[in-house]
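So you can see what is in the structure, the chains are spelled out below.
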Amino acid sequence: MSSENLPQSPERAESPEPHGRKPRVAVVFGGRSSEHGISVVTAGAVMKAIDRTKYDVLPIGITTDGRWALTADEPERMAITDRQVPDVDRLAGAAEGSVVLSVDPGSREVVYTEPGAVPKALGEVDVVFPVLHGPYGEDGTLQGLLELSGVPYVGAGVLASAVGQDKEYMKRVFISFGLPVGPYEVVRPREWDNDPAAARERIVDFAGEHGWPLFIKPARGGSSMGITKVDGLEGLDEAIEEARRHDPKFLVESLLRGREIECGVLEFEDGPRASVPAEIPPVTAHDFYDFEAKYIDSATGLVPAPLTEEQTAEVQRLAVAAFDAVSCEGLVRADFFLTEDGTFVINEINTLPGFTPISMYPRMWQESGVDYPELVDRLIQAALTRSTGLR
C-alpha cells in the first residue's frame, strides 16, 4: 500500500486545521502480544461504531514486531474470515512507513515517516482509543507512553493497567481489599529456571491440598490463550511449557466448581456503575471457555444471567469494588465464580475486555440500556474530559 492510498494524506494534513474541527480519535490496535489478531477484530468493530459526524478517525496498527503503521480506514477487512484472525501486516500491505507520536506533552502531533522521504505531519491527535490486549498495550506500557505525550486515552491508567494485567498482583490487591479470591500459586521465572523440580513439587503439593484438575495459565495474558486444564501429573509439564510460551511467569489455580458469572463496569459522570451480569454456560465442545470457544466458535453467554435479585446486587457490588480496588478508569469486565455454596469468588478483571459487538462486555451493557455506539461514544467523551498526569 503506497502512502498516496493511506487515510489522511500527509499533503492534506500539513495544511492548517480549521477552527472548530472534529476531535481526532487515534484507534491503536494489533501489537506484539499473542492477542494481536483479536485486537484487530476489536478495532474494526470500534471503528465501525465511531460516529463520523462527531469524530475524525486515524487507524494506527502495531505490527507483531512493534512497528507503528498507518492503515486504511477499512473496518470490513478487520473481521475473522474462514476461522482466521486478521493482522496488521496484511492491513498495512507493502507500506514501509512508520507512525511516530511525539513525546513532547506540548504537542500531540503524529508524524508519518517513510524510508528516504521527509517526515510528514498528520495533524494532532485529541484522544487515543487503545484496543490492544495483553503485554505491550494493556499492561501500562502504552499508557505510560501516552502519559509522556500528554495525550488523553480511553481506559485505565498506568498502575491500574499494570495491576490488571498481572494476575498475581491483581489477586494480591483484591485480597488486601477483602475481596474473595480462590486458591492459587505463582511460579516466577527465576524459580522455574533455577530449580524446576522444586517448583513442580510445589505444584503437586498444591494439587494434593486442593485437588485436581488444575489450571496452568500465563500470569500476564488474556483471551484464554496459553491456559491448559490439567487432570493429573500427565500433561503437567506440557501445560507449563504452553503457559511459559506466552509468559515466563505462570499461575496455578484450582478448579472452582460453580457457575461462571461476568459483570461489566462503566464509568459515568457520577462514578462507576455495574451492568446486568452475564453467565457463561458450560461449553460442551471445549474443555473450558478458551480462545476457540470465545472467538472462533462464538460460544454465547446468557445475558442477563439467571440470578436472584440478591445475587445480582452482590455481584454488581463486587464488580464495582474490584474496579475501585485497582483504581480503574473507563471500563472493566469483572469475572467471577458463583460457587456451589452460593458465594461469589472473583477470578480476574480485564481493563480492556473483548469489545466486539458479540463480546460479553458490550452485550451486558446493551441489555443495561447502553448500545454499542453509545458505549464507544461514552468512553471517548470520558477520555476527552480526563487529563493526563496525576489525577
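These numbers come from a predicted model, not from an experiment.

> Even after reading the chapter, I still don't get the sheet that holds strand 1 (residues 24-30), so can you show me in this structure?
Picture the strands of a sheet paired through backbone hydrogen bonds; they go either parallel or antiparallel. Spatially, the 4 strands line up as an open sheet ordered 3-2-1-7, and their pairing is mixed. The sheet is open, and its two edges are formed by strand 3 (68-70) and strand 7 (127-130), each paired on a single side. Strand-to-strand twist across the sheet, computed as the mean angle between neighbouring axes with direction ignored, equals 30°. Pairing between strand 1 and strand 7: 4 bridges, direction parallel. Bridge assignment links Val28 to a residue of strand 7, and that residue is Pro130. Those strands touched by helix 13 (residues 372-384) are strand 1 and strand 7, and its axis lies near 135° from that of strand 7.

> In this structure, what is going on with the nonpolar core? I would like to understand it.
Buried together is how nonpolar side chains tend to be arranged in soluble globular proteins. In terms of nonpolar packing, the biggest core is built from 33 residues, with Val27, Phe29, Ile50, Phe129, Phe355 and Val376 touching the most fellow members. Put simply, the parts of the chain that give this core at least two residues each are strand 1, helix 2 (36-49), helix 3 (88-92), strand 7, strand 12 (258-268), helix 12 (360-367) and helix 13. Discounting residues that sit within four places of it in the chain, Phe129 has contacts with Val25, Ala26, Val27, Val28, Val46, Val154, Phe355, Val376, Leu379 and Ile380. The next biggest cluster of nonpolar side chains, apart from the first, holds 26 residues, and it includes Val265, Ala305, Val315 and Cys328.

> Help me out: how do you make sense of the pairing of strand 1 in this one?
Side chains on a regular strand alternate between the two faces of the sheet. With 7 of its 7 residues buried, strand 1 lies for the most part within the structure. Here strand 1 pairs with strand 2 (residues 56-62) via 7 bridges, running parallel. Bridging from a neighbouring strand, Val27 pairs with Pro59 of strand 2. The β-α-β motif built from strand 1, the intervening helix 2 and the parallel element strand 2 has right-handed crossover chirality.

> Explain the packing of aromatic side chains here, please?
Two aromatic rings are characterised by how far apart their centres lie and by the angle between their planes. Counted by the stated rule, this structure contains 6 aromatic pairs. Ring geometry for Trp192 and Phe250: centres 5.9 Å apart, planes at 80°, overall edge-to-face. Of this pair, Trp192 sits in helix 7 (residues 189-194) while Phe250 sits in strand 11 (residues 250-254), and the two are 58 residues apart along the sequence. Among the aromatic residues, ring-to-ring pairing joins Phe129, Phe355, Tyr361 and Tyr372 into one connected group. Stacked on the ring of Tyr136, the Lys or Arg Arg32 has its end atom at 3.9 Å from the ring centre. Sitting over the face of the ring of Phe268, Arg273 holds its NZ or CZ atom 4.0 Å from the ring centroid.

> Just checking my understanding: could you explain the pattern of salt bridges for this structure?
Pairing of side chains with opposite charge becomes possible as their charged atoms draw close. Overall, the coordinates contain 29 salt bridges when judged by the stated rule. Residue Glu147 pairs with Arg391 through a salt bridge whose shortest N-O separation is 3.0 Å. Here the residue Glu147 occupies a position in helix 4 (residues 141-149), and Arg391 occupies one in the segment after helix 13, the gap between them amounting to 244 residues. Exposure remark for Arg391: the relative accessible area of 47% places this residue in the partly exposed category. Connected through shared salt-bridge partners, Glu147, Glu267, Glu329, Arg386 and Arg391 make up one network.

> Sorry if this is basic, but what is going on with helix 13 here?
With 13 residues, helix 13 extends 19 Å between its outermost C-alpha atoms, agreeing within 8% with the 18 Å of an ideal straight helix rising 1.5 Å per residue. Along helix 13, the residues classified as buried are Tyr372, Leu375, Val376, Asp377, Leu379, Ile380 and Ala383. Against strand 1, helix 2, strand 7, strand 12, strand 15 (331-339) and helix 12 lie the buried residues of helix 13. Of the residues that open helix 13, the one with a side-chain oxygen 3.0 Å from the backbone nitrogen of Glu374 is Asp371.

> Explanation requested: the confidence of the model for the protein in the structure shown.
It should be kept in mind that the predicted coordinates are not to be read in detail where pLDDT is low. The predicted model of the protein has a mean per-residue pLDDT of 89, with 90% of residues at 70 or higher. Ignoring residues within four places in sequence, the model shows residues 1-18, a span with pLDDT below 50, making 36 contacts including any to other chains. Counting interchain partners and residues more than four positions distant, the pLDDT-below-50 stretch residues 293-298 has 21 contacts.

> I would appreciate a short explanation of the sheet that holds strand 10 (residues 228-230) in the present structure.
With antiparallel pairing, the 4 strands of this open sheet are ordered in space as 8-11-9-10. The sheet is open, and its two borders are formed by strand 8 (184-187) and strand 10, each paired with just one other strand. This sheet shows a mean twist of 25° between the axes of neighbouring strands, independent of strand direction. Together, strand 8, strand 9 (214-218) and strand 11 form the strand contacts of helix 6 (residues 167-176), whose direction differs from that of strand 8 by roughly 140°. Contacting strand 9, strand 10 and strand 11, helix 9 (residues 236-246) crosses the sheet at an angle of about 25° to strand 9.

> Looking at this structure, I do not really get the pairing of strand 11. What am I missing?
Here strand 11 lies mainly inside the structure; 5 of its 5 residues are buried. The side-chain alternation of strand 11 yields two buried faces, one formed by Phe250, Val252 and Ser254 and the other by Leu251 and Glu253. In terms of strand pairing, strand 8 meets strand 11 through 4 bridges, oriented antiparallel. Across the sheet, the residue bridging to Tyr184 is Glu253, located in strand 11. Where strand 9 and strand 11 come together, 5 bridges link them in antiparallel fashion. The partner of Pro218 across the bridge, within strand 11, is Phe250.

The rules we used
- Residues numbered from 1 in each chain as written.
- Predicted model: local features only at pLDDT ≥ 70, side-chain atom pairs only at ≥ 80, totals over all residues.
- Heavy atoms only, no water.
- Pairing = 2+ DSSP bridges.
- Helix = DSSP H or I, 4+ residues; strand = E, 2+ residues; numbered from the N terminus.
- Axes fitted to C-alpha atoms, helices over the stretch in contact; angles between N-to-C directions.
- Contact = heavy atoms within 4.5 Å.
- Core = buried A, V, L, I, M, F, W, Y, C linked by side-chain atoms within 4.5 Å.
- Buried < 20%, exposed > 50% of the residue type's maximum accessible area, 1.4 Å probe, protein only.
- Right-handed = clockwise from strand over helix to strand, strands pointing away.
- Phe/Tyr/Trp six-rings, centres within 6.5 Å; stacked < 30°, edge-to-face > 60°.
- Lys NZ or Arg CZ within 6 Å of the ring centre and 35° of its normal.
- Salt bridge = Lys/Arg side-chain N within 4 Å of Asp/Glu carboxyl O.
- Expected span 1.5 Å × (residues − 1).
- Polar contact = N/O pair within 3.5 Å; in protein donor to acceptor, adjacent residues only side chain to side chain.
- pLDDT = per-residue confidence, 0-100.

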